[in-house]
Amino acid sequence: MTMVRTCPSCEERVATGDVYCERCGHRVAAGLAGPPAPPAVPAPRDAAAADRGAGTDQGESTTAGTEVHTGPMPAVDPCTWCGAAVSAGYCNECGMSQPGDRDHVEVRAETAAGVSDRGLRHHRNEDAMAVLTSDDPAPVVVAVVCDGVSTSPHPEEAAHVAAETGAAVLADGLAAGSGPREATEAALAQAASAVAELAETEQAAPACTYVSAVVPADGGAITVGWVGDSRAYWLAGSPSATPSAVLTRDDSWSEAMVAMRVMTPAEARASAYAHALTAWLGADNAAGASGHVATVTPAGPGALVLCTDGLWNYFPDPGALCAAAPGAAADPLGAAQAYVRRALDAGGRDNITVVVIAVPGPQDGPGDDVRGSGGNAG
């Protein structure tokens, strides 16, 4: 039985074991004087187009054909909410997390683009993304999207480290001659290790979800890897293309109930436990960090979308997601911006991160019917 209590700051319901309120970020763990110092974050690769902030005064850089906003996490003092001193991103008095330069981030890399936004209900952005392009040995787009688990300490650091590590290992593996599946498995393992190393103890372990994609620039087989409930969607770009579909299957309580035929999809989605994760990246879930890998070859033009539940909560069905930003492949950045706007208009209850990658039709053959290939019912 899960005991439930109320956040003293926003009155959101939180479980007894939660350290932070998922709605406002207030530290709710009893007997803890304040937030621990943030763990060290590995230095990002120069070529990584990660969400290192869209600060207005930190400038921009361009590496490997990727436009990236860069800059350090800002020092916010005094507290935005009560005026007290701030350390490690939290108020020393009221415990509230402070706004940061990751509240809204946009990245663009040739045929791919991504947008990450704090949303309307959370006080910080705990999502992260990384997008890389490479011409060695063949033109390819690599992308990773991660969603920090809000009930863990420093979820934003977990997501940041996982996204950068995963994208870097994927790109390095492909450049070294590994196949997409082998590189995806290696990236998952390295991202899991990097997040686990952030933990001070097993009871204070940062955690996040993870979804990645390897998309050949000339079309062909797409390889996705994932842990948790961040998703990959194939969106058809023409009537003759392979129908739109979800390419991942959530590691969630609701998905498990449906798989065991204990509940119907509608019953599972209505449960208060629907979004409870059964696997994630973190030191407290080593068994679940091996993740899943799938390869599909869709026909016709379209787009590959990676996103967190801040988007798919409002557009779970692939057809609805496709209709929300028609022609996504023609303008990946415009489509990613449109998705975020629609999620905000729908309530913006969670952080929202979406990466859109244009996918041309395959050079030969009709492609696979990707419907049901490891996807969710929607």
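Since the model is a prediction, treat every value here as computed from it, not as a measurement.

### A word on the confidence of the model for the protein chain
For the protein chain, per-residue confidence averages 80 on the pLDDT scale, and 72% of positions sit at 70 or higher. Predicted confidence for residues 371–378 stays below pLDDT 50, and this span has 20 contacts to residues more than four positions away or in other chains.

### Examining the pairing of strand β8 (residues 104–109)
The alternating pattern of β8 places V105, V107 and A109 on a buried face and H104, E106 and R108 on a face that is not buried. Pairing analysis gives six bridges linking β8 to strand β9 (residues 112–117), with the strands arranged antiparallel. Pairing of V105 across the sheet is with S116, part of β9. Here β8 folds back onto β9 in antiparallel fashion, the turn holding two residues, of which E110 has a positive phi close to 55 degrees.

### Looking at the packing of helix α1 (residues 155–175) against helix α2 (residues 180–196)
In the contact formed by α1 and α2, the axes pass within 8 Å of each other and the chain directions differ by 150 degrees. Relative to α2, the element α1 is oriented roughly antiparallel. Crossing geometry of α1 relative to α2 is assigned as right-handed. Counted together, A158, V161, A162, T165, G166, V169, L170, G173 and L174 of α1 and P180, A183, T184, A186, A187, Q190, A191, A194 and V195 of α2 form the full contact between these two elements. Here the residues of the contact of α1 with α2 are counted per class, giving 13 nonpolar, five polar and no charged.

### Details of the nonpolar core
If you look at the biggest cluster of nonpolar residues, it comprises 31 residues, and the most contacted ones within it are V144, C146, A162, L170, C208, Y210 and L281. Top contributing element to this core by residue count: α1, with nine residues. Those residues in contact with V144 that lie beyond four places of it in its chain are A128, M129, A130, A162, A163, G166, A167, L170, Y210, V211, S212 and L306.

The rules behind the values
- Residue numbers run consecutively from 1 along every chain, following the written order of its sequence.
- Only residues with pLDDT of at least 70 get local features here, since the model is predicted, and only at 80 or more are side-chain atom pairs given and counted; chain-wide, interface and lining totals rely on the full set of residues.
- Each side-chain value is derived from all of the structure's non-hydrogen atoms; neither hydrogens nor water enter the calculation.
- A residue's pLDDT is the predictor's confidence in that residue, given on a scale from 0 to 100.
- What makes two residues a contact is simply this: any of their non-hydrogen atoms within 4.5 Å.
- Three exposure classes are used, based on accessible area relative to the maximum for each residue type with a 1.4 Å probe and protein chains only: buried under 20%, partly exposed in between, and exposed over 50%.
- Helix and strand definitions here come from DSSP, where helices need a minimum of 4 consecutive H or I residues and strands a minimum of 2 consecutive E residues; each element is numbered from the N-terminal end.
- The criterion for strand pairing is that DSSP finds at least two bridges linking the strands in question.
- Between the N-to-C directions of two axes lies an angle of 0 to 180 degrees, each axis being a line fitted to C-alpha atoms and, for a helix, fitted only over the stretch in contact.
- Note on angle classes: values under 35 degrees are labelled roughly parallel, values over 145 roughly antiparallel, values of 65 to 115 roughly perpendicular, and the remainder oblique.
- Handedness of each helix crossing follows the sense of rotation of the near helix against the far helix: counterclockwise by less than a right angle gives left-handed, clockwise gives right-handed.
- Gly falls in the polar group here, along with every residue not listed as nonpolar (Ala, Val, Leu, Ile, Met, Phe, Trp, Tyr, Cys, Pro) or charged (Asp, Glu, Lys, Arg).
- For the purposes of this section, nonpolar cores are sets of buried Ala, Val, Leu, Ile, Met, Phe, Trp, Tyr and Cys residues that join through side-chain atoms within 4.5 Å.

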